[in-house]
Amino acid sequence: MSVKVRVVQLGRGVIDCEVEAGTTVAGVLSSNGVPLDGMEVRVNGGAAELDHGLGDGDLITVVPLIKGGRS
Amino acid sequence: MALPDFWRQLDMVTPEQLSFPVTIVGAGGIGSPTALTLAKMGCPQITIYDPDTIEQHNLPNQLYRLADVGQPKVKALQAIIHEFTDCEVNPVAERLVEADLSGVVISAVDSMAERQSIWQGSIRYRIRVDLYVDARMGAEVSRVFSVRPTDPDDVRFYESTLYSDLEATEENCTARAIIYNVLNVASLVANIVKRHARGEEGHRELIFDFATMSLLLD
């Protein structure tokens, strides 16, 4: 069964995709070319492991670990 | 000289409610508009730390004027704030190492190592600091953390966000800051200070992104 998930890559854009139910966060991000270096990942607003299995309507947010302020 | 009349904002915050000292560490992209915003809002006394001088590449995304290039940032910022307000500005043209701070402290620096140093040296469990605000930006994204430095839950949460400089995203030199993002951060910080002044509930983390027009709250 396929499910719809949305990836919000802060600072970049939004990707809507359809994947098999239970596909992991890492699987979705990797197949969409979303880099994970310097990022933290949240699912439906909460912290999530990369091996978390996704369900219909899940929202993955990729938050950059930014550090600027003075420049 | 005329003095500001705050009656347009009195139902939101009064100068009396803002009568605590404010310290801003960093007078660049985030620090310079934040200082002017807080001064315009009615904060009566702001101390600003920054050892840097103004360079041409600071002009598009910081508050400085063309004629300020070459001047110490804190001195130019003091002059700008005095043109607009009667706020008392204490400029310190040095990096903050360790200080006995009080009231509200705002971090507007550029590295996680410096944030660690400020946190350990002057904020963590300091009873005279009522509120610590750490604002971070990169390109079109900003993250603003609000911490009560003597609240163990806040301390634990904030320390979980102190990733290292190696772990952090390194934006290209040409994608670090843009004026509308720094003005937005200044507004978010000013709202946090206003909430603190009125004893209102706040959020321990705000994330705003212009690229996707997202606002995340914790």
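Higher on the page you've got the structure.
Let me begin by describing the structure that accompanies this report. (Residues numbered from 1 in each chain as written. Chains lettered and ligands numbered in written order. Predicted model: local features only at pLDDT ≥ 70, side-chain atom pairs only at ≥ 80, totals over all residues. Heavy atoms only, no water.)

Think of a sheet as strands paired side by side through backbone hydrogen bonds, with each pair either parallel or antiparallel. Residue and element names in this part refer to chain B. Strand order across the open sheet formed by 8 strands is β3-β2-β1-β4-β5-β6-β7-β8, with mixed pairing between neighbours. Either end of the sheet is taken by a strand with one partner, and the two such strands are β3 (88-92) and β8 (214-217). Sheet twist, expressed as the average angle between the axes of neighbouring strands with direction ignored, equals 15°. Contacts between helix α1 (residues 31-41) and the sheet are confined to β1 (22-25), β2 (45-49) and β4 (103-107), with β1 contributing the most and set at about 165° to the helix. Contacting β5 (129-138), β6 (141-147) and β7 (205-209), helix α4 (residues 152-160) runs over the sheet at an angle of about 155° to β6. (Pairing = 2+ DSSP bridges. Helix = DSSP H or I, 4+ residues; strand = E, 2+ residues; numbered from the N terminus. Axes fitted to C-alpha atoms, helices over the stretch in contact; angles between N-to-C directions. Contact = heavy atoms within 4.5 Å.)

Time to look at the sheet that holds strand β3 (residues 39-43) of chain A. All names here are of chain A. An order of β2-β1-β5-β3-β4 is seen for the 5 strands of this open sheet, with the pairing classed as mixed. Each end of this open sheet is capped by a strand with a single partner; those strands are β2 (13-20) and β4 (46-47). Bridge count between β3 and strand β5 (residues 59-64): 5 bridges; the pairing is antiparallel. Note that in β5 the partner of E40 across the bridge is V63.

Let us now look at the side chain of K73 of chain B. Mapped onto the elements, K73 of chain B comes out in helix α2 (residues 73-84). Nearest to the buried, unbridged K73 of chain B among oppositely charged side chains is D52 of chain B, at 4.3 Å. Not counting chain neighbours up to four residues away, the residues in contact with K73 of chain B comprise R70 of chain A together with A27, G28, D50, D52, T53, I54, N58, Q62 and Y64 of chain B. (Buried < 20%, exposed > 50% of the residue type's maximum accessible area, 1.4 Å probe, protein only. Lys, Arg positive; Asp, Glu negative; His and termini not counted. Salt bridge = Lys/Arg side-chain N within 4 Å of Asp/Glu carboxyl O.)

Here the focus is the interface of chain A and chain B. Listed as interface residues are 21 residues of chain A and, on the opposing side, 42 residues of chain B. On the chain A side of the contact with chain B, I66, K67 and R70 of chain A bury the most area, a combined 42% of that side's loss. Across the contact surface, chain A and chain B share 5 salt bridges. Here K67 of chain A and D165 of chain B are joined by a salt bridge, their closest N and O atoms 3.4 Å apart. Taken together, the connections running from chain A to chain B amount to 20 residue pairs in polar contact (both at pLDDT 80 or more). Sorting the residues of the side of chain A that touches chain B by element identifies β1 (2-9), β2, β3 and β5 of chain A as the ones contributing at least two each. (Buried area = accessible area lost by both parts, 1.4 Å probe. Polar contact = N/O pair within 3.5 Å; in protein donor to acceptor, adjacent residues only side chain to side chain.)

The next thing to look at is the pattern of salt bridges. Summed over the entire model, instances satisfying the criterion amount to 21 salt bridges over all chains. Close ionic contact of E114 of chain B with R70 of chain A constitutes a salt bridge, the shortest N to O distance being 3.2 Å. With E114 of chain B in helix α3 (residues 112-123) and R70 of chain A in the segment after β5, this residue pair bridges two chains. Judged by relative accessible area, E114 of chain B falls into the buried class, the value being 8%. Using a relative accessible area of 5% as the deciding quantity, one classes R70 of chain A as buried.

Here the focus is the packing of aromatic side chains. One pair of aromatic rings is described through two measures. These are the centre distance and the angle between the planes. Residues and elements named next belong to chain B. Counting across every chain of the model gives 7 aromatic pairs over all chains. Ring plane angle 35° and centroid distance 5.8 Å describe the contact between W119 and Y132, whose orientation is recorded as tilted. Of this pair, W119 sits in helix α3 while Y132 sits in strand β5; the two residues are 13 residues apart in sequence, bridging distant segments of the chain. Comparing W119 with Y132, the two get one shared label, buried. Geometrically, the ring pair formed by F145 and Y158 is edge-to-face, given 6.2 Å between the ring centres and 70° between the ring planes. On the criterion of sequence distance, the pair formed by F145 in strand β6 and Y158 in helix α4 is long-range, its members being 13 residues apart. If you follow R204 out to its NZ or CZ, it ends over the ring of F157, 3.9 Å from the centre. (Phe/Tyr/Trp six-rings, centres within 6.5 Å; stacked < 30°, edge-to-face > 60°. Lys NZ or Arg CZ within 6 Å of the ring centre and 35° of its normal.)

Further remarks concern the packing of α1 of chain B against helix α5 (residues 179-197) of chain B. All names here are of chain B. Between α1 and α5, the shortest axis-to-axis distance is 8 Å and the interhelical angle comes to 40°. Taken together, the axis directions place α1 and α5 in an arrangement best described as oblique. The hand of the α1/α5 crossing is right-handed. Between α1 and α5, the contacting residues are P33, T34, T37, L38 and M41 on the first element and V182, L183, A186, V189, A190, V193 and K194 on the second. The residue inventory of the contact of α1 with α5, partitioned by class, reads 9 nonpolar, 2 polar and 1 charged. (Parallel < 35°, antiparallel > 145°, perpendicular 65-115°, else oblique. Left-handed = near helix turned anticlockwise from the far one by under 90°. Nonpolar A, V, L, I, M, F, W, Y, C, P; charged D, E, K, R; others polar.)

Function-wise, these values are silent; they only describe arrangement.
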